[in-house]
Amino acid sequence: MDLQSLVLENIEVYVSGFIVLGGALFYYLYRLKQAEKKLEDKVEQIEEKIEQKIEEVKAPVEVPKISWTQRLSIGLEKSRSEVWGKIGQLFSGATPHLDEIEEVLYTADIPTGMVQQLLEKLEKDGKGKEANDIQKLVYGFMKEKMEPVQHNIHKDVFNFHANEKKTRVFMIVGVNGAGKTTTIGKLATKLKSQGAKVIVGACDTFRAAAVDQLQVWCDRAGVDMVRAKDGADPSGVAYDTVAKAFSEGYDYCLIDTAGRLHTNQNLMDELAKTKRVMAKINPEAPQEVLLVLDAITGQNALKQAQEFHKALQLTGIIFTKCDGSAKAGSAVGIVDQLRVPITYIGVGESVDDLHLFDLDLYLKTLVGLESP
């Protein structure tokens, strides 16, 4: 039998074989395609999970924020526990420890005359009362001294009102190391965040590092700054800044000044000159003269405030560094004696650590009347 006859006789077998082989090959390719699809899906899922993990790692860690009340409480904790919080315990009971109370009060940074007034108040109204009631007497005494003055604060120191088209000039003064430059940076940031157009004048022209520090704050806050060459006349920088502020419609003009000792009359006279120069641009400028005081300096803070007030007629105090090493009682004496309100209080380095001065909260936190 020849080959042709053999093929013809078995053609059906060959065709069937090819069909089976083709079917098997098709099935194999189909399954292979399915496997590839599953693999692609799996890879895609893995990639998505990897991307999610990357985003989780990249996402900033949210640090729990604490309230201003808590910040203030932490800042005044040592003063409260070692000084003001002791008074109720020492005075309550059958035999008040007057000598110990007097000793504690003399370390509390309040003036001598006020110590005697408070002792008289305790002897008159506190006998036989519980510790908490004694604390309320201390709170009431200090509030009575400060509250009438605190009502004199101009509200635009805190709040920007866009509908009031006017330029407000704030002159910021203080001794070196009180936190003046940092405070101006924080204040500029706060006002800018309210939508105000802010410009800062760097008049501390003899300290390049202070000007550079202020520039960093201004850049971070997105506010403008006028600066001059090192050693330039500070009054000239103030004049140029105020002129620019009024001509270009800035809402706030913050004038930084060179830190100086309040005991140096020549330097204080230079500050007074700077204030007069700004008034040449606008008779109302500066509307605010704010003294930055370091609470840690205690009784010396009162002396500083007296000298700056005599030279410049202060409109407000910014009380900084109210932390663990400050007795914080000097605030009461300054407000009572100078009749100048405290506008802001600072307890740390961040922007949130500078806050408007709430008299009621401050005093209650200081004497321990309320748990934050």
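Residues numbered from 1 in each chain as written. Predicted model: local features only at pLDDT ≥ 70, side-chain atom pairs only at ≥ 80, totals over all residues. Heavy atoms only, no water.

A.B. asks: In this structure, what is going on with the overall build of the chain? I would like to understand it.
C.D. replies: Helix and strand counts for the chain come out as 15 helices and eight strands. Looking at the chain residue by residue over its 372 residues, the buried ones come to 45%. Once local pairs closer than 6 in sequence are excluded, the contacts in the chain between residues at least 24 apart make up 76%. Summed over its atoms, the accessible surface of the chain is roughly 19600 Å², and 53% of this surface lies on carbon and sulfur atoms. (Helix = DSSP H or I, 4+ residues; strand = E, 2+ residues; numbered from the N terminus. Buried < 20%, exposed > 50% of the residue type's maximum accessible area, 1.4 Å probe, protein only. Contact = heavy atoms within 4.5 Å. Areas by Shrake-Rupley, 256 points an atom, 1.4 Å probe, with all protein chains shown as cover.)

A.B. asks: What is the right way to read helix α12 (residues 265-281) from this model?
C.D. replies: Given 3.6 residues per helical turn, the α-helix brings residues three or four places apart onto the same face. Over its 17 residues, α12 runs 26 Å from end to end, which matches the ideal 24 Å to within 8%, given 1.5 Å per residue. Within α12, burial applies to M268, L271, A272, T274, V277 and M278. (Expected span 1.5 Å × (residues − 1).)

A.B. asks: For this particular structure, what's the right way to read the confidence of the model for the chain?
C.D. replies: Low-confidence regions, as indicated by low pLDDT, have predicted coordinates that should not be scrutinised in detail. For the chain, per-residue confidence averages 80 on the pLDDT scale, and 79% of positions sit at 70 or higher. Residue range residues 57-64 is modelled with pLDDT below 50. Its contacts to residues more than four positions away, or to other chains, number zero contacts. (pLDDT = per-residue confidence, 0-100.)

A.B. asks: Explain the pairing of strand β2 (residues 198-202) to me, please; I cannot follow it from the model alone.
C.D. replies: Every other side chain in a regular strand lies on the same face of the sheet, so the side chains alternate between the two faces. Burial analysis of β2 places five of its five residues in the buried class, the great majority of the element. What you see with β2 is no split at all: V198, V200 and A202 on one side and I199 and G201 on the other are buried throughout. Handedness of the β-α-β unit built from β2, helix α10 (residues 208-221) and strand β3 (residues 224-226) comes out right-handed. (Right-handed = clockwise from strand over helix to strand, strands pointing away.)

A.B. asks: Is there a simple way to think about the sheet that holds strand β4 (residues 252-256) in this case?
C.D. replies: Backbone-to-backbone hydrogen bonds join strands into a sheet, with any given pair of strands oriented parallel or antiparallel. Pairing is mixed in the open sheet, where eight strands are placed in the order β3-β2-β4-β1-β5-β6-β7-β8. Looking at strand neighbours, the two that pair on one side only are β3 and β8 (354-356), the edges of this open sheet. Mean inter-strand twist for the sheet, computed between neighbouring axes without regard to direction, equals 25°. The pairing of β2 with β4 spans five bridges and is classified as parallel. Bridging across to β4, V200 finds its partner in L254. Sheet contacts for α12: β1 (168-173), β4 and β5 (288-294); angle to β1, the most-contacted strand, approximately 175°. Running over the sheet, helix α14 (residues 330-338) touches β5, β6 (316-320) and β7 (342-346) and is turned about 175° from β6. (Pairing = 2+ DSSP bridges. Axes fitted to C-alpha atoms, helices over the stretch in contact; angles between N-to-C directions.)

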